[in-house]
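The lines below spell out each chain.
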Amino acid sequence: MNSTDDISQRIVGHDKTAAVSVYRSIMEAIREGDLKAGDKLPNERELARRFATSRSTIRNVLAMMSTQGLVTRKVGSGSYLSENLNQQLSDTDRPVAAWHKEVPTYSEILEGRLLFEPMMMTLVTARATEDDFAKMRHHLQGIREAQEWLQYKEHIYAVHQAMFAATRNRFLIQIFDNVIADRRAVQYDGQHSLHSAVSDIVREQTLRELTPLVEALEARDGKLAQKRADDYFTRILASLSVYG
């Protein structure tokens, strides 16, 4: 697929991680029509060569896109862009890169959280109680049942808030309280009205990302929880402003 050769040239100048750069480049190619629903992607080795990165980075990017429902991975055949790609993209919760004078932007918040929050998961696994896990599960269910955008967003932040509370570290808890206050102040930079309906696609995508993270914490597997948190924030940061 010649279009991927063109895509690889767009990575130059990106100042994010390799995974973010590759993800954004592929998403931009989809936006511009170079890649379409049902297209087969080159194998991991070829993508790694074209993007001048490692196969593990490519594997992580494809896993992120699979979680979003954008890529279907067929054993023995390869990776394909989903047939319902356009519907997935139209319904997904795409973050917005809006600038704010009074509070940090979403991009700034994500960059900061990506630096420390995955590492924080080892503290959660060491100190969390069954009540903490019950709160996380309660808000996962809240995501599943949310009918309005505001409810959906509040439950997502409540899951993370329960993780911060489980650290028993008041400094970390205070940081996240400020994060929530800033996000509420700008109404979450949503592409939707806060009282608009939330699609099943959006809810399921979020649950596919957050549920495994909570499960890793419950299993007291700090290393796995750290990786899943890192993947989660990397995917969101990679999505930022691609379609903005």
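Residues numbered from 1 in each chain as written. Predicted model: local features only at pLDDT ≥ 70, side-chain atom pairs only at ≥ 80, totals over all residues. Heavy atoms only, no water.

Details of the environment of Trp99
And step 1. Tracing the chain through its elements places Trp99 in the loop between α5 (85–91) and α6 (106–127).
And step 2. Here the alpha-carbon distance between Trp99 and Asp189, two residues 90 residues apart in the chain, equals 9.7 Å.
And step 3. Here Trp99 is in contact with Thr105 and Glu108, once residues within four sequence places are set aside. (Helix = DSSP H or I, 4+ residues; strand = E, 2+ residues; numbered from the N terminus. Contact = heavy atoms within 4.5 Å.)

Topic: the packing of α6 against helix α8 (residues 149–166)
And step 1. At their nearest, the axes of α6 and α8 sit 9 Å apart, and the two run at 50° to each other. Comparing their axes, α8 and α6 come out oblique. In this structure, α6 meets α8 at a crossing whose hand is left-handed. Seen from α6, the contacting residues are Tyr106, Arg113, Phe116, Glu117, Met120, Met121, Val124 and Arg127; seen from α8, they are Tyr157, His160, Met163, Phe164 and Ala166.
And step 2. Among the residues making up the contact of α6 with α8, the classes are represented as 9 nonpolar, 1 polar and 3 charged. (Axes fitted to C-alpha atoms, helices over the stretch in contact; angles between N-to-C directions. Parallel < 35°, antiparallel > 145°, perpendicular 65-115°, else oblique. Left-handed = near helix turned anticlockwise from the far one by under 90°. Nonpolar A, V, L, I, M, F, W, Y, C, P; charged D, E, K, R; others polar.)

Focus: the pairing of strand β2 (residues 78–81)
And step 1. Sheet analysis places strand β1 (residues 71–74) next to β2, joined by 4 bridges and oriented antiparallel. Bridging from a neighbouring strand, Lys74 pairs with Gly78 of β2.
And step 2. In this structure, the hairpin formed by β1 and β2 is closed by a connection of 3 residues, where Gly76 is found at a positive phi of approximately 80°. (Pairing = 2+ DSSP bridges.)

A few points about the nonpolar core
Nonpolar side chains tend toward joint burial in soluble globular proteins.
And step 1. If you look at the biggest cluster of nonpolar residues, it comprises 43 residues, and the most contacted ones within it are Met121, Val124, Met136, Ile143, Tyr152, Met163 and Leu217.
And step 2. Of all elements in the fold, only α6, α7 (130–145), α8, α9 (170–185), α10 (200–218) and α11 (222–239) reach the threshold of two or more residues within this core.
And step 3. Setting aside anything within four residues of it in sequence, one finds Ile143 in contact with Tyr152, His155, Ile156, Val159, Arg203, Thr206, Leu207 and Leu210.
And step 4. Residues Ala29, Leu35, Val71 and Leu85 belong to the second largest nonpolar core, which totals 24 residues. (Core = buried A, V, L, I, M, F, W, Y, C linked by side-chain atoms within 4.5 Å. Buried < 20%, exposed > 50% of the residue type's maximum accessible area, 1.4 Å probe, protein only.)

Some points on the confidence of the model for the protein
And step 1. For the protein, mean pLDDT is 86; residues scoring 70 or higher make up 87% of the total.
And step 2. Of all helices and strands in the protein, the one with the weakest mean pLDDT is helix α1 (residues 2–8) (44), whereas α7 scores best (98).
And step 3. Per-residue pLDDT stays below 50 along residues 1–16; that stretch engages in 35 contacts with residues further than four places along the chain or on separate chains. (pLDDT = per-residue confidence, 0-100.)

Some words on helix α2 (residues 18–31)
And step 1. Here α2 spans 20 Å end to end across 14 residues, near enough to the 20 Å set by a 1.5 Å rise per residue.
And step 2. Counted residue by residue, α2 has 12 buried out of 14 residues, so it is predominantly covered.
And step 3. By the burial criterion, the buried members of α2 are Ala19, Val20, Ser21, Val22, Tyr23, Arg24, Ser25, Ile26, Met27, Glu28, Ala29 and Ile30.
And step 4. Trailing α2 by a residue or two, Gly33 shows a phi angle of about 90°, which is positive. (Expected span 1.5 Å × (residues − 1).)

Overview of the packing of aromatic side chains
And step 1. Applying the stated criterion to the full structure yields 6 aromatic pairs.
And step 2. When the ring of Tyr157 is compared with that of Phe176, the centres are 6.1 Å apart and the planes differ by 25°; the resulting orientation is stacked. One end of the pair, Tyr157, is in helix α8; the other, Phe176, is in helix α9, and 19 residues separate them in sequence. Like Phe176, Tyr157 is buried.
And step 3. Summarising the aromatic geometry, the rings of Tyr157 and Tyr188 are spaced 5.4 Å apart at their centres and angled 35° between planes, so their arrangement reads as tilted. You can see Tyr157 sitting in helix α8 and its partner Tyr188 sitting in the loop between α9 and α10, a full 31 residues away along the chain. Tyr188 matches Tyr157 in its accessibility class, with the two residues each being buried.
And step 4. Geometry around Tyr80 places Lys74 over its ring, the cationic atom sitting 4.5 Å from the centre. (Phe/Tyr/Trp six-rings, centres within 6.5 Å; stacked < 30°, edge-to-face > 60°. Lys NZ or Arg CZ within 6 Å of the ring centre and 35° of its normal.)

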